[in-house]
Every structure is written in structure tokens, then in C-alpha cells.
Amino acid sequence: MSIKANIDKLRQSVPPQVKIVAVSKFHSGNEIGEAYNEGQLLFGESRVQELTEKQPALPADIEWHFVGSLQRNKVKFIAPFVHLIHSLDSERLLREIEKQAAANHRKIACLLQLHVADEETKSGFSPDECRRFLAAGTWRECPHVQIAGVMGMATYTDDMKQVRAEFRQIKSLFDEFKQQYFAHDDNFREISMGMSGDYPIAIEEGATIIRVGTLIFGER
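This structure is a prediction, so every number in the text was calculated from the model and none was measured.

Chemist: For the pairing of strand β4 (residues 84-88), give the residues involved together with the corresponding values.
Modeler: Most of β4 is tucked away, with five of its five residues classed as buried. Here strand β3 (residues 63-66) pairs with β4 via two bridges, running parallel. If you follow Phe66 over to β4, its bridge partner there is Ile85. Since β4 and strand β5 (residues 108-114) lie parallel, the crossover through helix α5 (residues 91-103) that links them has a hand, and here it is right-handed.

Okay, structure coming up:
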């Protein structure tokens, strides 16, 4: 199927209020352009070098989401234009994003990356680490960072009961943090979870953003 057909099919199964980030890592500018021509404006990259190569060559109204693990020394390269960083996972990274956002006279939206999956290779705050991070309050001293919600990945497994339980835990943590720290902040509203293999469950459990690559661009 073509990228156009894939996008049309995907949109039929995704409620209009849920944002679709087309994960375009390792895909060409031409492929991104095909999706863009079908009205897809949100694209996700996980490697800074690839993102900085693609961004200048593609339409200026694309919203670039950084969905991979972000090294502090790479923040400066995407700070001028990135729309949303899905992978805020430490106080040191927070401080660097604040520094680079200020240097670019921008406020950069970020999601707290939560590690709830039963896999050591996935990064992010454990629930208790995230509680301690928020309680410490350093984020309140960062006017150029907007904490906009949470992001998490489920375990890569065929056990959909486990996947659902992990998505439910991410939503529960979002609700906890919203009530305790962001009750009056309308910007704290995003729950980024669900990918090509499990996004319908993620949507059922409260996702506001899904990150889909294979179902749009095909296998790499």
C-alpha cells in the first residue's frame, strides 16, 4: 500500500482528538513529503543528526517531535525548532533544555518519559524517580521549559493484558501528577503512548498522542 493509503487507513481508526506523530526515522525526505502532502504535519525523529539534516530541507510548518533518547550535548542542535521533546528523563537534561531554549528565546515543550515496561533497555524515570523529580521542584525554575505531559512505552510482548496494564499505569501517573502539580496548568495535557503494534489499546487507555512509523511508511 502507498503512504497515502496507509495514512487514510490509519486515520479511520484514530479519533480526531488523538494526534498522530509519523515516526519518520530512517525514511527519506521524499517519503516524508508524501505524508506531508496528505496533510500529515507531525513527524517524529529519534536521532539528532538525522533530524537536523531533514528539517531545513522540508516545509517550515512541519511540527518536529523528538522521540528518542536525548543526549545533553545534542540539545543545542534541535533547540531552535523542535516542537515537542518526548524524552525528558533527568534533571540534568531539564537544565540543558532550559539553557538552550533561553538562548533561542523559545519555550520548549517536553514530556516526562516514564519507564514502566518490563525491559531494562528502555529509558525514562521510574514512577518513584519521577515523583522525586517533580517534588524537588527544579522544573519550576525553568521558565523556558513547558512540561506538557507524559510519555511511556509498553513492553514489547504479545501479552496484550500486560500492555494494557502498563498503558493504564502511565495514565494513572499522568492523573496523579496533574492533580498534584499541574491542576491549574492547561498545558499539561498530553499522554504520548502507543505505537504501530499497540496504539488501539493506548487510545482506549487515554493516549492523546500516538507515535506510528511502520503503519505509515512500511517496514524499513
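Text resumes after the structure shown.
Chemist: Tell me what's going on with the environment of Lys171, and back it up with residues and numbers.
Modeler: Tracing the sequence through the fold places Lys171 in helix α7 (residues 160-181). Among the residues examined, Lys171 registers a relative accessible area of 26% and is labelled partly exposed. Along the primary structure Lys171 and Gly152 are separated by 19 residues, whereas in three dimensions their C-alpha atoms are 9.5 Å apart. In contact with Lys171, not counting residues within four places along its chain, are Ile191, Glu205 and Gly206.

Chemist: Account for the pattern of salt bridges, naming residues and giving values.
Modeler: When the charged atoms of two side chains with opposite charge come close together, those side chains can pair. All chains considered together, the criterion is met by 13 salt bridges. A salt bridge links Lys54 to Glu50, with the shortest nitrogen-to-oxygen separation between them at 2.7 Å. With Lys54 and Glu50 both in helix α3 (residues 48-54) and four residues apart, the pair spans about one turn of that helix. Judged by its relative accessible area of 9%, Glu50 is buried.

Chemist: Can you explain α5? Please cite residues and give values.
Modeler: Helical periodicity: at 3.6 residues per turn, an α-helix aligns residues three or four positions apart in one direction. The end-to-end C-alpha distance of α5, which contains 13 residues, comes to 18 Å, matching closely the 18 Å that a straight helix rising 1.5 Å per residue would cover. Inspection of α5 places Leu93, Leu94, Glu96, Ile97, Glu98, Gln100 and Ala101 among the buried residues, and these make up the whole buried set. On the buried face of α5, the contacting elements are α4 (75-78), β4, β5, α6 (127-136) and β6 (145-152). A positive phi of about 55 degrees marks His105, the residue just after α5.

Chemist: Outline the packing of α6 against α7, supporting the account with residue identities and numerical values.
Modeler: Any two packed helices are characterised by the angle at which their axes cross and by the distance between the axes. With their axes 12 Å apart at the nearest point, α6 and α7 run at an angle of 15 degrees to one another. When the interaxial angle is binned, α6 and α7 end up roughly parallel. The interaxial crossing formed by α6 with α7 has right-handed handedness. Between α6, through Pro127, Cys130, Arg131, Leu134 and Ala135, and α7, the contact on the second element is made entirely by Gln169, Leu173, Glu176, Phe177 and Tyr181. Of the residues in the contact of α6 with α7, the class split is seven nonpolar, one polar and two charged.

Chemist: Let's hear about the environment of Gln17: which residues, and what values?
Modeler: Note that Gln17 resides in the loop between α1 (3-12) and β1 (19-23). Exposure remark for Gln17: the relative accessible area of 60% places this residue in the exposed category. Put simply, Gln17 and Thr208 are 191 residues apart on the chain and 7.1 Å apart in space, counted from C-alpha to C-alpha.

Chemist: I'd like a rundown of α1, residues and numbers included.
Modeler: Along α1, the residues classified as buried are Ile3, Asn6, Ile7 and Leu10. Buried residues along α1 cover an arc of 95 degrees about the axis, so they all sit on one side. For α1, exposure combined with an orientation more than 90 degrees from the buried face picks out Lys9 and Gln12. Contacts made by the buried residues of α1 are with β1, α2 (29-37), α8 (199-204), β8 (209-212) and α9 (214-217).

Scoring rules and cut-offs
Residues numbered from 1 in each chain as written. Predicted model: local features only at pLDDT ≥ 70, side-chain atom pairs only at ≥ 80, totals over all residues. Heavy atoms only, no water. Buried < 20%, exposed > 50% of the residue type's maximum accessible area, 1.4 Å probe, protein only. Helix = DSSP H or I, 4+ residues; strand = E, 2+ residues; numbered from the N terminus. Pairing = 2+ DSSP bridges. Right-handed = clockwise from strand over helix to strand, strands pointing away. Contact = heavy atoms within 4.5 Å. Salt bridge = Lys/Arg side-chain N within 4 Å of Asp/Glu carboxyl O. Expected span 1.5 Å × (residues − 1). Axes fitted to C-alpha atoms, helices over the stretch in contact; angles between N-to-C directions. Parallel < 35°, antiparallel > 145°, perpendicular 65-115°, else oblique. Left-handed = near helix turned anticlockwise from the far one by under 90°. Nonpolar A, V, L, I, M, F, W, Y, C, P; charged D, E, K, R; others polar. Arc of directions from axis to C-beta.

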